[in-house]
Amino acid sequence: MKSKSDSLLISLYQKGDEGALSTLIHRHQRELFTFIFYKINDEDLANDIFQDTFMKIIVMLKEGRYNEEGKFILWAKRISHNLIIDHFRSKAKNIKVSETTFETDEYSIFDLIREPSENIEDQLVSNQIQEDLLRMLQFLPLNQQEVIKLRFFDGLSFKEIADHTDMSINTTLGRVRYALINLRKIMDENNIILTR
């Protein structure tokens, strides 16, 4: 017997057949979980986002907000991707960089981050930039990761960072400067473009 299509399962579920949702989840759970895990590399967090994704899918299906623009799995992945972005945004929601935050002649990739605008597309792009930055930070030496996170993600002043890490202000400035140079190098080597 031929298995039911995703579209038919969705239609059945929307008419009250709970088993149809079970079949749909079972059919796609491995691919969706792998997609989420690959992006965040944390099994517990991936499980949380996986559960949240299906909760959101259930709500949207019940509200009739599923538009068959493509395959169900692509729609599910878009939902999980947005939840992943939300997670990173909540971790780094206080990234606010102005022209005076870090003055240097060097190109600063943090200059690309601005306050979220009214435009939802701009917000998603900013969130994606933040996600890319968090990933790129993993390639820096730990001491450079620390000062970048303290400065740009936690909003500490250079003096506060110096106190927090028992370093002089000059050492702190130097580490931030080298971190920015290294991030630029990572971008160049991996063809990463952080633009709107």
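What you are looking at is a predicted structure, and each value in this text was computed from that prediction instead of being measured. (Residues numbered from 1 in each chain as written. Predicted model: local features only at pLDDT ≥ 70, side-chain atom pairs only at ≥ 80, totals over all residues. Heavy atoms only, no water.)

Focus on the confidence of the model for the protein
Link 1 in the chain: Looking at the protein as a whole, the pLDDT averages 75, with 73% of positions reaching at least 70.
Link 2 in the chain: Considering only residues more than four positions removed or in separate chains, one finds that residues 94–108, a stretch of pLDDT under 50, has 30 contacts.
Link 3 in the chain: Across residues 111–118, where pLDDT falls below 50, the model places 16 contacts with residues more than four positions away in sequence or in other chains. (pLDDT = per-residue confidence, 0-100. Contact = heavy atoms within 4.5 Å.)

Things to note about the packing of helix α7 (residues 158–165) against helix α8 (residues 169–189)
Link 1 in the chain: Two elements in contact, α7 and α8, have axes whose closest approach is 9 Å; the angle formed by their N-to-C orientations is 105°. Relative to α8, the element α7 lies roughly perpendicular. Facing Phe158, Lys159, Ile161 and Ala162 of α7, the residues of α8 in contact are Ile169, Thr172, Leu173 and Val176.
Link 2 in the chain: Residue composition of the contact of α7 with α8, by class: six nonpolar, one polar and one charged. (Axes fitted to C-alpha atoms, helices over the stretch in contact; angles between N-to-C directions. Helix = DSSP H or I, 4+ residues; strand = E, 2+ residues; numbered from the N terminus. Parallel < 35°, antiparallel > 145°, perpendicular 65-115°, else oblique. Nonpolar A, V, L, I, M, F, W, Y, C, P; charged D, E, K, R; others polar.)

Re a negative patch on the surface
Link 1 in the chain: Taken together, the side chains of Asp42, Glu43, Asp44, Asp48 and Asp52 define an acidic patch exposed on the protein surface.
Link 2 in the chain: Inspection of the secondary structure puts Asp42 in the loop between α2 (18–40) and α3 (43–62). (Patch = residues over 30% accessible without salt bridge, like charges linked within 9 Å, V, L, I, M, F, W, Y side chains within 5 Å. Areas by Shrake-Rupley, 256 points an atom, 1.4 Å probe, with all protein chains shown as cover. Salt bridge = Lys/Arg side-chain N within 4 Å of Asp/Glu carboxyl O. Lys, Arg positive; Asp, Glu negative; His and termini not counted. Charge placed at Lys NZ, Arg CZ, Asp CG, Glu CD.)

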